[in-house]
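For reference, the chains in residue letters:
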Amino acid sequence: MLSADKNAYLTAVGPGTPMGDLLRCYWIPLLYSHELPQAGDPPRRIRLLGESLVAFRDTHGRVGLLDHRCPHRGASLFYGRNEDGGLRCAYHGWHFDIDGRCLETPNEPEDSTLPAKVHTQAYPCREEAGIIWTYMGQPSESGGLPPLPAMGWAETTVERRTVLTYTRRCNWVQAMEGDFDSSHLGFLHRSLGSPQTVTRGDPLRPLLIEDQRPTLEVEDTPIGAMCAAVRGGDGQDLYWRVSQFQLPFYTSVPAYNGLKRLKIWVPMDDTHTKVWEANWTLDRDLDAEERHGRKKRVPPSGMLPDTGDWYGSGNFAACEENDYLIDRDRQAKHNFSGLEDETPIQDAAMQESMGPIVDRSREHLSASDAGIIRMRRRLMRAAEALASDGEMPPGVEQPGLYRSHGEQALAGPGEDWKSAYAASIASFYANAMPVQSQTLQIQGGGG
C-alpha cells in the first residue's frame, strides 16, 4: 500500500508536481492528424496534464497548442478566429501565432510596443505519419528537443493502424495499472458458454480460464518493466503472456488477428485520462472498419456524441450513472462480469469504481500484483531522480528502446520463454521499416 503523501506523489500531474515534471520530459501524443484536418479550421479544447489549452491548425497548415486564456483579460481563445497565421481573440482582437507571440493588438494605438512584450504559453508540436505530438517540457541547454519514440505504432502507415481513443474518468495510474495486470483476465473478462464466445478470436484465451493462478515473472527493462504471466507446467507446454510497461505512460499486451497492441494513458488531469488504443500491423492494410478500431472494442451501447467541452470526446454510453449497463441475468449465464462483452467497458467499470483517485492506503497487495508494484516503483524512482539530481528520465534520448510490444505463445517443456520472446521481438522489428514523416519540422512553442 502507499501512504496518502506517496499516492499524491504518484498521481498528481499538474505543473510543478514531481510526476508532472517527469511526464513533461517526454513527447505526448496530442491528436491524430485527421482530428485537425483543415488549415484555418476552428480550434479544439484540449485538457492535458492539468492544463486547459486550445489546439489549432493555422492558415499556413501549422499546428499550434496554446493556453486557452488570452493574456490580455483572460477570455478563452477557443472562441477565437483562426486567421492570418494565428488565433485572434474574439474579445479585443489580440492575435497570437503558434509560438505564442502576440502579432497584433488592434485596439491599441498603432505605435504601441505592447505586442513585442506580450506572449502566451505555447507548446511545440510535431506531426509525423498522421500523429500530432506535443512537448510540454523545457528544451535542452542547446535549445533542442528530444526525438520521438520509435515504436511500431508511430512508424507504420495510417492504413495499417487503428485510431480508437476514449476517456476514462479516473486517475491515469489506476487506469494504466489495469492493463499491466494479467491475473484479472480470467475473471473480469471471462466469458461463459460456447468456445467461440470464450476465445474472442484468440485461440490461446481459454488457457487464461483453465489456469487462474499464473506465476508472474517481473523484470526491469531499460525504459520500464516487463511482466510475464506463465501458466501450465508439470511437463506440459507453458503458456506465457508478456506485457510491457514503458515510461512514462505506455503499456502493450498481446493482441490477436495478426495485430500488435499499444495503449497510451495520457493524463488529462488528476482525475481524467485519455486512452489511446492503438493496434497496428506490418503485413496488410486494414479496411476502414478495422482502422476505426471499434470492432470488438466499442460495445453495442456505443459512445455518446462528442461535444466541444473539455471532457466531451470519447465517452462511452455505459457509465457510472447507469451502472455501466450491468445485467445480472447476463452475469449468471453469459459472462463473469454481467457487463457488455467488450473489455474497455469492463475495465472502465472496475477502474472508475475505485473513485477518481484510488486510496492506495487501503490496499492489500498480493503476489498477483507484482507487476503493479514494479510499475509504481519505476515511475516514482524516475520522478525522484529527476527532482533530486536532474537525471534525464529513461528513454527520453533513446527512441529505439521503444521497439517492443506485448506477446504471447506456447513454449515446450524445457524451452526458455524469455529467449523465445526476445527472438520474436527481434524478428518482428527487423522487418519494420520506419515511415518517412509527413511533417518533419517542429511546429510552434514558446512563450
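A brief structural summary. (Residues numbered from 1 in each chain as written. Predicted model: local features only at pLDDT ≥ 70, side-chain atom pairs only at ≥ 80, totals over all residues. Heavy atoms only, no water.)

Some thoughts on the overall build of the chain
Within the chain one finds twelve helices and 19 strands. Compactness check: the chain gives a C-alpha radius of gyration of 23 Å against a globular reference of 22 Å for 447 residues, within 12% of the reference. With the C-alpha coordinates aligned to their principal axes, the bounding extent of the chain is approximately 85 × 50 × 50 Å. For the chain, the residues scored as buried account for 55% of the 447 residues in total. Of the contacts formed within the chain by residues at least 6 apart in sequence, a portion of 64% connects residues at least 24 apart. Accessible area of the chain: about 19,400 Å², with a carbon and sulfur share of 50%. Side-chain charges of the chain comprise 46 positive and 61 negative groups, with the mean position of each set lying 2 Å from the other. (Helix = DSSP H or I, 4+ residues; strand = E, 2+ residues; numbered from the N terminus. Rg over C-alpha atoms; globule rule 2.2 N^0.38 Å. Buried < 20%, exposed > 50% of the residue type's maximum accessible area, 1.4 Å probe, protein only. Contact = heavy atoms within 4.5 Å. Areas by Shrake-Rupley, 256 points an atom, 1.4 Å probe, with all protein chains shown as cover. Lys, Arg positive; Asp, Glu negative; His and termini not counted. Charge placed at Lys NZ, Arg CZ, Asp CG, Glu CD.)

Some remarks on helix α12 (residues 417-430)
When the terminal C-alpha atoms of α12 are compared, their 20 Å separation across 14 residues agrees well with the 20 Å that a helix rising 1.5 Å per residue should span. For α12, the set of buried residues is Trp417, Tyr421, Ile425, Phe428 and Tyr429. Buried residues of α12 fall within an arc of 90° about the axis and therefore sit on the same side. Regarding α12, its N-cap is Asp416, as a side-chain oxygen of that residue lies 3.1 Å from the backbone nitrogen of Lys418 further along. (Expected span 1.5 Å × (residues − 1). Arc of directions from axis to C-beta. Polar contact = N/O pair within 3.5 Å; in protein donor to acceptor, adjacent residues only side chain to side chain.)

A closer look at the nonpolar core
Judged by nonpolar contacts, the single largest core of 86 residues is most densely connected at Leu30, Leu48, Trp153, Trp172, Phe249 and Leu379. Per-element tally for this core: the top contributor is helix α11 (residues 370-389), with seven residues. Aside from chain neighbours lying at most four places away, what touches Leu379 is Leu10, Met19, Leu22, Trp172, Met176, Phe245, Leu247 and Pro248. (Core = buried A, V, L, I, M, F, W, Y, C linked by side-chain atoms within 4.5 Å.)

Some details on the state of the cysteines
Applying the stated rule across the entire model yields zero disulfides. Between Cys25, a cysteine without a disulfide, and Cys125, which holds the nearest cysteine sulfur, the sulfur-to-sulfur distance is 17 Å. By relative accessible area, Cys25 is classed as buried at 12%. (Disulfide = S-S within 2.5 Å.)

Here's the deal with the side chain of Glu127
Tracing the sequence through the fold places Glu127 in strand β9 (residues 125-128). Taking relative accessible area as the criterion, Glu127 reaches 5% and is therefore assigned buried. Of note is the side chain of Glu127, whose polar atom sits 2.6 Å from the side chain of Ser33. Polar side-chain contacts of Glu127 include one of 3.0 Å to the side chain of Arg57.

Things to note about the sheet that holds strand β4 (residues 63-67)
Spatial strand order, β2-β3-β4: three strands in an open sheet with antiparallel pairing. Edge positions in the open sheet fall to β2 (44-48) and β4, since each of these has one partner strand only. Ignoring which end each strand starts from, the neighbouring axes of this sheet average 35° apart. Summarising the sheet, strand β3 (residues 51-57) and β4 pair through five bridges and their orientation is antiparallel. Within the sheet, the bridge partner assigned to Phe56 lies in β4 and is Gly64. (Pairing = 2+ DSSP bridges. Axes fitted to C-alpha atoms, helices over the stretch in contact; angles between N-to-C directions.)

Focus on the pairing of strand β16 (residues 260-269)
Most of β16 sits out of view: ten of its ten residues are buried. By the bridge criterion, nine bridges tie β16 to strand β17 (residues 272-280) in an arrangement that is antiparallel. Counted as the bridge partner of Trp265 is Val275 from β17.

Observations regarding the packing of helix α5 (residues 172-179) against α11
The geometry of α5 relative to α11 is characterised by a closest axis approach of 10 Å and an angle of 135° between their N-to-C directions. Here α11 runs oblique to α5, going by the angle between their axes. Crossing angle aside, the handedness with which α5 passes α11 is right-handed. Facing Trp172, Met176 and Glu177 of α5, the residues of α11 in contact are Ile372, Met375, Arg376 and Leu379. In terms of residue class, the contact of α5 with α11 is built from five nonpolar, no polar and two charged. (Parallel < 35°, antiparallel > 145°, perpendicular 65-115°, else oblique. Left-handed = near helix turned anticlockwise from the far one by under 90°. Nonpolar A, V, L, I, M, F, W, Y, C, P; charged D, E, K, R; others polar.)

Concerning unusual backbone geometry
Excluding glycine, residues mostly carry a negative phi; peptide bonds, for their part, are mostly trans. Each neighbour pair has its own omega, and for Leu247 with Pro248 the value is 0°, a cis peptide bond. With phi around 65°, Lys296 is a residue other than glycine that occupies positive phi space. You can see Lys296 is positioned in the loop between α8 (288-292) and α9 (328-333). Although it is not a glycine, Leu325 sits at a positive phi angle of roughly 60°. Turning to its location among the elements, Leu325 is positioned in the loop between α8 and α9.

A closer look at the sheet that holds strand β7 (residues 95-96)
If you walk across this open sheet you meet the four strands as β5-β6-β7-β8, and the pairing is antiparallel. Each of the sheet's edge strands pairs with one partner strand only, and the pair in question is β5 (81-83) and β8 (102-104). Pairing of β5 with strand β6 (residues 86-88) involves three bridges; the strand directions are antiparallel. When the bridges of β6 are listed, Arg81 appears paired with Arg88.

Some details on the packing of aromatic side chains
Taken as a whole, this structure holds 14 aromatic pairs when the rule is applied. Grouped by ring-pair contacts, the aromatic residues Tyr32, Trp133, Trp153 and Trp276 constitute a single cluster. We note Arg45 situated over the ring of Phe78; from NZ or CZ to the ring centre the distance is 3.7 Å. Over the ring of Trp310 we find Arg45, and its NZ or CZ is 5.5 Å from the ring centre. (Phe/Tyr/Trp six-rings, centres within 6.5 Å; stacked < 30°, edge-to-face > 60°. Lys NZ or Arg CZ within 6 Å of the ring centre and 35° of its normal.)

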